[in-house]
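Coordinate analysis (summary)
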There are 2 protein chains.
Amino acid sequence: MAASDLGLPQVVPSDLPSRVTIWEVGARDGLQNEQTVVPVDVKVEFLARLADAGLTTLEATSFVHPKWVPQLADAADVLAALSPVDGVRYPVLVPNEKGLDRALAAGVRHIAIFGSATETFAKRNLNRSLDEQYAMFEPVVTRATAEGLAVRAYVSMCWGDPWEGPVDPAQVAAVATRLMSMGCTELSLGDTIGTATPGHVQAVLTAVTRSVPISAVAVHFHDTYGQALANTLTALRAGVTTVDSSAGGLGGCPYAESATGNLATEDLVWMLDGLGVRTGVDLARLADTSAWMSTQLGRPSPSRVVRALRG
Amino acid sequence: MAASDLGLPQVVPSDLPSRVTIWEVGARDGLQNEQTVVPVDVKVEFLARLADAGLTTLEATSFVHPKWVPQLADAADVLAALSPVDGVRYPVLVPNEKGLDRALAAGVRHIAIFGSATETFAKRNLNRSLDEQYAMFEPVVTRATAEGLAVRAYVSMCWGDPWEGPVDPAQVAAVATRLMSMGCTELSLGDTIGTATPGHVQAVLTAVTRSVPISAVAVHFHDTYGQALANTLTALRAGVTTVDSSAGGLGGCPYAESATGNLATEDLVWMLDGLGVRTGVDLARLADTSAWMSTQLGRPSPSRVVRALRG
C-alpha cells in the first residue's frame, strides 16, 4: 500500500506547496565517496532509470579533479554516453574554472559550485578562507552566466560544523547573500553533518530570506541523526519548493554498513505522496531503481521505504 | 556536539509545547518480539538505566499469556526485582481479567490495555470483533478503575491496516470515544505499520479530539517508512504532549537486521533538545544505555542518533 493509495480525500495542507521539485543527487553526491568502482554504463543506466521514474533534475556527475573524487573521474564519458530525456535537467558539479572548461566542453547547461558557510570548513575542504572561496567562484559564475548557464551554489555546514559547532543563521545569510550577488541562480543550504533540528531550520531560512527570495532556496538535509524529514517538512512550511535527496539514501559514509547520509528520495516521496504534494515521481519505479543500484553496490539501501517495499 | 549545545538562543516555537512526556516502551514493546532470551537481571538493569537517564514513564513488561509472548513470561519476576525510582511510573500491559489479576498481585498501579481501530486487526490479533474487544476490556477497566489504577488504552492501526488499507479518521474516533467512555484515562494512537504521513496524522487527531481531550491523547509512531519524526512533529503542533518511543529504536521485526520499528527515543530527544522542548532526558546517558543493550542483544541499534554518537 502506497501512501498515495490512502483512499482519503487528498487535500494538501494549506501551509504546504502543492508541488515540490526534487533535486536528485544520487548519481553525484550519492556515488562520489563510493569505494566500489561503478562503471560508466551502470551510471548511465542509473540516470536513465531515475528519469524514467519521473525525476526531472538529475545531478549527473562532478568535474572536481579526479585525484579528489576518483569515482567520478569518468564525468565526460558519462555525459557523452547518456541519452538526455526531454524536460530533464542534468546539472554537474564544478569546483573552479578548470572544471568549468571541462563542463562546457561536455555541453553542460547547468552547473553547481560548492562553498562553505564557515571559515573552518572552507579551510578544510577548499584550503581557502571565505574571501578566497568567493575569489575562486567569481570568475566561474561570471563566465558560466555569460555562456547562459544556470548556476546553483551549494552552501555546506549551514547548521552545524564539526569544528565550529553550531552555525549562526546570520553567518549563513551573509554567505548566501554574497553568492547570490555574484550571479548564482539558486542556493542549496546543506546540513552536511545532519545535526539540524526544525527550530534551527526555521531560524536559518528566516535569516537567509531577508535578502534571498525563497523561490531561489533549496534545502539539503542529511539523515545522520534521523532529522532530515522533520526538517524538510519545516522547510516546506516556510515556503521552500526545491528539496535535495538521493535515491535509496545513497551517500554518507561508505565505511559503515548502511550509514545514513543523504535524505532518501523514497522517504521524501512517501511523505509528499501522503500529503498530496505533487512531485511527478513514481515511487514503485524509483524503489525498483534503488533496489537495483543496491545490488550493483553490494549492500542494502539505507532508505527505510526501499527496505520496507523491496527488502 | 548535541543539538542542545547549539549555543543559539533556545526559544520553543510558539506552536509547540514547552514540555513533552516520553512514554518509554523499550522494555516491553521493544523486547516482546526479541528472539534472544533477555535475563531478568538485564531487564531490571535496563529499566534502572532508563530511569537514571531521566525517563519518568517506563512501560516495564506485559501480562499477556507467556504462550504468546515468551520473552515477557518473567513479568512478575522483573517487577519483584526492580527498585522503583521516586517519580517514575512503571505501567504494564494487561490483555484481560486474568492479566489484571497477575498485575494486581505484582503491585502494579498503572496498566495499559491494547485494542484495535479496525475489525480485521481485532480479528487477527485478538480473535474478536470490535464489539467483542470492548466486552473483553470493559470488566478490566471497571475493576482497575475501582482499584484506583490509571488505565491507558493502546489503539493499533489508527492510520493504515495491512488488510484494510487506509483507516478512516472517523473510525478511529469512534473506537477512541468508546474506550474513553469505558473509563480509560489515556489513549495511545498507534501507527502500527508505519505508513502514516503528516496530513493523515492531523486528520486523525482532529477527528479524535472532537470527543477526547488532547491532553489524554498520546501518539505511537513506527519508523518503518522513515516518517515517525515528521509525524511526531505534526502531532506536537496539534497539541499532543505525550509521545511513545523506544530506547535505541528497539522493536520492529527481529528477523531483519536493523529493521526499523518503534521511533527511537534518542532520535526524538535529539529533535526536542534542538527545539528547546524539555523532556528531562539526558541524551548521552540514554545513548550509552542503548549501546549497552545492543551489546546484550548482539546487534546494532536501529537508532540513527545512537549509531552517530556510539557507532
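Bear in mind that the values here come from a model prediction, so they are computed numbers and not experimental data. (Residues numbered from 1 in each chain as written. Chains lettered and ligands numbered in written order. Predicted model: local features only at pLDDT ≥ 70, side-chain atom pairs only at ≥ 80, totals over all residues. Heavy atoms only, no water.)

1. Focus: the sheet that holds strand β3 (residues 61-62) of chain B
All names here are of chain B. With respect to topology, nine strands assemble into an open sheet ordered β2-β1-β11-β10-β9-β6-β5-β4-β3, the strand pairing being parallel. Two strands close off the open sheet at either side, each with one partner strand: β2 (57-58) and β3. As paired strands, strand β6 (residues 150-156) and strand β9 (residues 186-191) are joined by four bridges and run parallel to one another. Paired with Arg152 across the two strands is Glu186, which belongs to β9. (Pairing = 2+ DSSP bridges. Helix = DSSP H or I, 4+ residues; strand = E, 2+ residues; numbered from the N terminus.)

2. Re the packing of helix α9 (residues 228-237) of chain A against helix α10 (residues 265-275) of chain A
All names here are of chain A. Where α9 contacts α10, the axes come no closer than 11 Å and their chain directions differ by 45 degrees. Regarding the angle of α9 to α10, the classification is oblique. The two elements α9 and α10 cross, and the hand of that crossing is right-handed. Contacts from Leu229, Thr232, Leu233 and Leu236 in α9 reach Asp267, Leu268, Met271, Leu272 and Leu275 in α10. Its residues assigned to classes, the contact of α9 with α10 comprises seven nonpolar, one polar and one charged. (Axes fitted to C-alpha atoms, helices over the stretch in contact; angles between N-to-C directions. Parallel < 35°, antiparallel > 145°, perpendicular 65-115°, else oblique. Left-handed = near helix turned anticlockwise from the far one by under 90°. Contact = heavy atoms within 4.5 Å. Nonpolar A, V, L, I, M, F, W, Y, C, P; charged D, E, K, R; others polar.)

3. Observations regarding the nonpolar core
Among the nonpolar cores identified, the biggest contains 103 residues, and B:Ile111, B:Ile113, B:Leu179, B:Leu187, B:Leu189 and B:Val208 are the most heavily contacted of them. For B:Ile113, the contacting residues outside a window of four places in its chain are B:Val94, B:Phe137, B:Val140, B:Val141, B:Val151, B:Arg152, B:Ala153, B:Tyr154, B:Leu179 and B:Cys184. (Core = buried A, V, L, I, M, F, W, Y, C linked by side-chain atoms within 4.5 Å. Buried < 20%, exposed > 50% of the residue type's maximum accessible area, 1.4 Å probe, protein only.)

4. Points about a negative patch on the surface
Taken together, the side chains of A:Glu119, A:Asp131, A:Glu132 and A:Glu164 make up a negatively charged region of the molecular surface. The class of A:Glu132 is partly exposed, set by a relative accessible area of 41%. (Patch = residues over 30% accessible without salt bridge, like charges linked within 9 Å, V, L, I, M, F, W, Y side chains within 5 Å. Areas by Shrake-Rupley, 256 points an atom, 1.4 Å probe, with all protein chains shown as cover. Salt bridge = Lys/Arg side-chain N within 4 Å of Asp/Glu carboxyl O. Lys, Arg positive; Asp, Glu negative; His and termini not counted. Charge placed at Lys NZ, Arg CZ, Asp CG, Glu CD.)

5. Let's talk about the interface of chain B and chain A
A common way to report how large an interface is uses the accessible area buried once the components associate. At the junction of the two partners, chain B supplies 45 residues and chain A supplies 45 residues. Together chain B and chain A conceal approximately 3300 Å² of surface at their shared face, both sides included; 64% is due to carbon and sulfur atoms. Joining chain B to chain A, the criterion identifies four salt bridges. On the surface where chain B and chain A come into contact, there are 10 residue pairs in polar contact (both at pLDDT 80 or more). Every element with two or more residues in the side of chain B that touches chain A is listed here: β8 (165-166), α8 (198-208), α9 (228-237), α10 (265-275) and α12 (304-310) of chain B. Residues that form the side of chain B that touches chain A fall into these classes: 22 nonpolar, 14 polar and nine charged. (Buried area = accessible area lost by both parts, 1.4 Å probe. Polar contact = N/O pair within 3.5 Å; in protein donor to acceptor, adjacent residues only side chain to side chain.)

6. A few points about helix α2 (residues 40-52) of chain A
All names here are of chain A. Over its 13 residues, α2 runs 18 Å from end to end, which matches the ideal 18 Å to within 8%, given 1.5 Å per residue. Among the residues making up α2, those that are buried are Val42, Lys43, Val44, Phe46, Leu47, Leu50 and Ala51. Looking at the buried positions of α2, the neighbouring elements they touch are β1 (21-24), α1 (26-30), β2 (57-58), α3 (75-81) and α11 (283-297). Just downstream of α2 lies Gly54, where phi reads positive at about 105 degrees. (Expected span 1.5 Å × (residues − 1).)

7. Regarding the pattern of salt bridges
Once their charged atoms are close, side chains differing in charge can pair, the charge on each being opposite to the other. This structure, assessed with the given rule, holds 29 salt bridges over all chains. Notably, a salt bridge pairs A:Arg237 with B:Asp15, separated by 3.5 Å at the nearest N-O pair. Taken together, the positions of A:Arg237 in helix α9 and B:Asp15 in the segment before β1 (21-24) put the pair across two chains. The class for A:Arg237 is partly exposed, based on a relative accessible area of 31%. In this structure, the salt-bridge partner of B:Glu34 is B:Arg299, at a minimum N-O distance of 2.9 Å. Linking B:Glu34 in the loop between α1 (26-30) and α2 (40-52) with B:Arg299 in the loop between α11 (283-297) and α12, this pair joins segments that are 265 residues apart in sequence.

8. Comments concerning the sheet that holds β2(A)
Residue and element names in this part refer to chain A. Strand order across the open sheet formed by nine strands is β2-β1-β11-β10-β9-β6-β5-β4-β3, with parallel pairing between neighbours. In the strand order of this sheet, the two ends are held by β2 and β3 (61-62), each with one partner. Where helix α5 (residues 119-126) meets the sheet, it contacts β5 (110-116) and β6 (150-156), and its direction lies at approximately 120 degrees from that of β5.

9. Focus on the relation of the copies chain B and chain A
The operation relating chain B to chain A is a screw motion whose rotation component is 180 degrees, with 0.0 Å of axial translation and a residual RMSD of 0.0 Å. Within this description, the copies of the chain are treated as partners about a two-fold rotation axis. When C-alpha positions in chain B are compared against the rotation axis, the closest is assigned to B:Ala230, at 2.1 Å. Of all interface residues in chain B, 100% are interface residues in chain A too; the two copies therefore contact each other through one and the same surface. (Least-squares fit on C-alpha atoms with pLDDT ≥ 70 in both.)

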